[in-house]
Amino acid sequence: MAGVFLGLSVMLMSCERTKSVPVENVRVTPVTSADVQRAIHDSGGKAVLVNMWATWCGPCREEFPGLVRVARKYEGQGLKVLLVSADDSADIAVVKKFLSEEGVDFPAYIKAEKDQPFIDGLGKQWTGALPATFIYDSSGKLHDFWEGEATFNVFEQKVVEVLGKQAKPTGGNS
Amino acid sequence: MKRGSFVVLAASMTMAASAFGLNIGDKAPSTGVKMKGVDGHEVSIADVAGKEGTLVLFSCNHCPFVKAWQDRIASVGNAAKGKGVGVIVINSNDPADYPEDNFAEMQKRAQQLGFTFPYVVDATSDVARAFGATRTPEAFLFDKDGKLVYHGAIDDSQKADQVEKHFLQDAVEAAVAGKAVPVAETKFVGCGIKFRTKT
């Protein structure tokens, strides 16, 4: 019985992880905070999730599978996920390798600006702690922000809040 | 692998509003809490307070961000002490999560870096909580009246050869001279404090 349970647990854990993609398919662009703001506004998403992370950040690595899973599940409903690495720009190959293992085949970014202007440019409420997540609505207005690790369920709930709001009828008498 | 300068927040999800902690002008909290130093003696923030001010720096051993800054932590800390500023470096991380942050490694690190000031264990992480500290290395400088005059980074780059602004050093010099600190608050990215579970 215990063996069956263990087997199911392993299967569930493996389901949590997204299939890896070839590293040559991973695109990582150096960005300033202004570039990230531009990407948010130009994304065309109904909801935009920006996640600040780093390969050396344990909690970032732990939440990554849930993050990628949310990106996959809601991409067809208008969710855009912008992953921005805070790794040293010289470590771009390490970042690409990690993203390939996590199955990230959508555009990703790496910080290319000093801390203070980058942090202030993304949001005054961000202390600089990693991971940090920002969720914007389709107009680019910040809907939610938090620092620290989150689960798939939290990411999903926060994203659905934004997608759900915009799915509501906008008027009419019927 | 080179490491980024962002702070890793190892605790669970928190809203930022609670993460900023003390405001400029505030007095240091938890000054009477005794913490075990690498020399085996218990010491509090009040014990180390200097006549020209007090520098409280949250740090650890494992963090790549701390490693990038550790020589500058030693030099700025030792220089501050030489100017009459009391200095204490506090490790609030739970070594259960980061074994490199254990006491024996703290002793080694303090010796290697030549700390002339206490490097202590915040055994409950409550001192960090009281300060609202979230990252390492995170500096809090109090003036001779005990008021917070600087909070933030050591300087503006984890790469020593790219430093342009010596925030903490400038703040120490201004505080000792009785002048206004040029930049009172700075932000930086690094490793989040891994708080021990509240009992």
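Parameters and conventions
- Residues numbered from 1 in each chain as written.
- Chains lettered and ligands numbered in written order.
- Predicted model: local features only at pLDDT ≥ 70, side-chain atom pairs only at ≥ 80, totals over all residues.
- Helix = DSSP H or I, 4+ residues; strand = E, 2+ residues; numbered from the N terminus.
- Buried ≥ 20, exposed ≤ 12 C-beta atoms within 10 Å, placed from the backbone.
- Pairing = 2+ DSSP bridges.
- Arc of directions from axis to C-beta.
- Contact = placed C-beta atoms within 7 Å.
- pLDDT = per-residue confidence, 0-100.
- Core = buried A, V, L, I, M, F, W, Y, C linked by C-beta atoms within 7 Å.

## Description of the overall build of chain B
Looking only at helices and strands, chain B features five helices and 10 strands. The 199 residues of chain B split such that 49% are buried.

## A look at the sheet that holds strand β9 (residues 148-152) of chain B
Residues and elements named next belong to chain B. The mixed open sheet is built from seven strands, whose spatial order is β3-β2-β6-β5-β4-β8-β9. A single partner strand is all that each edge strand has here, and the edge strands are β3 (42-43) and β9. As paired strands, strand β8 (residues 138-142) and β9 are joined by four bridges and run antiparallel to one another. Among the inter-strand pairings, Phe-140 is bridged to a residue of β9, identified as His-151.

## Here we look at helix α5 (residues 115-122) of chain A
All names here are of chain A. Within the span of α5, buried status applies to Asp-115, Phe-118, Ile-119 and Leu-122. Looking straight down α5, one finds its buried side chains confined to an arc of 95°; they lie on one side. Contacts from the buried residues of α5 go to α2 (33-42), β4 (108-111) and β6 (132-137).

## Notes on the confidence of the model for chain A
All names here are of chain A. Residue-level pLDDT values for chain A average 86, and 84% of them are 70 or greater. Contacts of residues 1-16 to residues separated by more than four positions or lying in other chains number two contacts, the stretch itself having pLDDT below 50. Contacts for the low-pLDDT stretch residues 168-174, under 50 throughout, to residues beyond four places or in other chains number zero contacts.

## Some words on the nonpolar core
In this structure, Leu130(A) and Leu141(B) are the most contacted members of the largest nonpolar core, which totals 101 residues. Non-local contacts of Leu141(B), meaning those with residues more than four positions away in its chain, are made with Gly53(B), Leu55(B), Val149(B), Tyr150(B), Leu168(B), Ala171(B), Val172(B) and Ala175(B).

## Remarks on the confidence of the model for chain B
All names here are of chain B. Per-chain confidence: chain B averages 90 in pLDDT, with 89% of residues scoring 70 or above. Here residues 1-5 is a poorly scored stretch, pLDDT under 50, and it has 23 contacts once near neighbours within four places are set aside; other chains count. In this model, residues 14-19 is a region of pLDDT below 50 whose contacts with residues beyond four sequence positions or in other chains number 16 contacts. In the model output, the complex is listed with pTM 0.79 alongside ipTM 0.71.

## Thoughts on the environment of Phe140(B)
Residue and element names in this part refer to chain B. Tracing the chain through its elements places Phe-140 in strand β8. Assessed through the 23 C-beta atoms surrounding it within 10 Å, Phe-140 is described here as buried. Between the C-alpha atoms of Phe-140 and Gly-152, which are 12 residues apart in sequence, the distance is 6.8 Å. Leaving out residues up to four positions away in the same chain, Phe-140 has contacts with Leu-22, Val-56, Phe-131, Leu-148 and His-151.

## Comments concerning helix α4 (residues 92-101) of chain A
Residue and element names in this part refer to chain A. Taken together, the buried positions of α4 are Val-95, Lys-96, Phe-98 and Leu-99. Looking straight down α4, one finds that the buried residues subtend no more than 165° of arc, so they occupy a single side. In this fold, the buried residues of α4 make contact with β1 (28-31), β3 (79-85) and β4. Backbone geometry just after α4 places Gly-103 at a positive phi near 80°.

## Brief notes about unusual backbone geometry
Following Leu130(A), the chain continues into Pro131(A) via a peptide bond in cis, with omega recorded as -10°. You can see Pro131(A) is positioned in the loop between β5 (129-130) and β6. In the segment running from Thr136(B) into Pro137(B), the intervening peptide bond is cis, with an omega of -5°. If you trace the backbone, Pro137(B) turns up in the loop between β7 (135-136) and β8. The phi dihedral of Ser30(B) is positive, around 55°, even though this residue is not glycine. Inspection of the secondary structure assignment puts Ser30(B) in the loop between β1 (7-8) and β2 (35-37). Residue Ser30(B) is classed as partly exposed on the basis of its 18 C-beta neighbours within 10 Å. Positive phi values are uncommon outside glycine, yet Ser125(B) reaches one of about 70°.

## Describing the environment of Asp39(B)
Residue and element names in this part refer to chain B. Within the secondary structure, Asp-39 sits in the loop between β2 and β3. Classification of Asp-39 as exposed rests on a count of 11 C-beta atoms within 10 Å. Asp-39 sits 23 residues away from His-62 along the chain, and the two C-alpha atoms are 20 Å apart.

## Quick word on the environment of Gln111(B)
Residues and elements named next belong to chain B. As for its position among the elements, Gln-111 is in helix α3 (residues 103-113). Its 11 C-beta neighbours within 10 Å are what place Gln-111 among the exposed residues. Through-space distance from the C-alpha of Gln-111 to that of Asp-94 is 21 Å; in sequence the pair is 17 residues apart.

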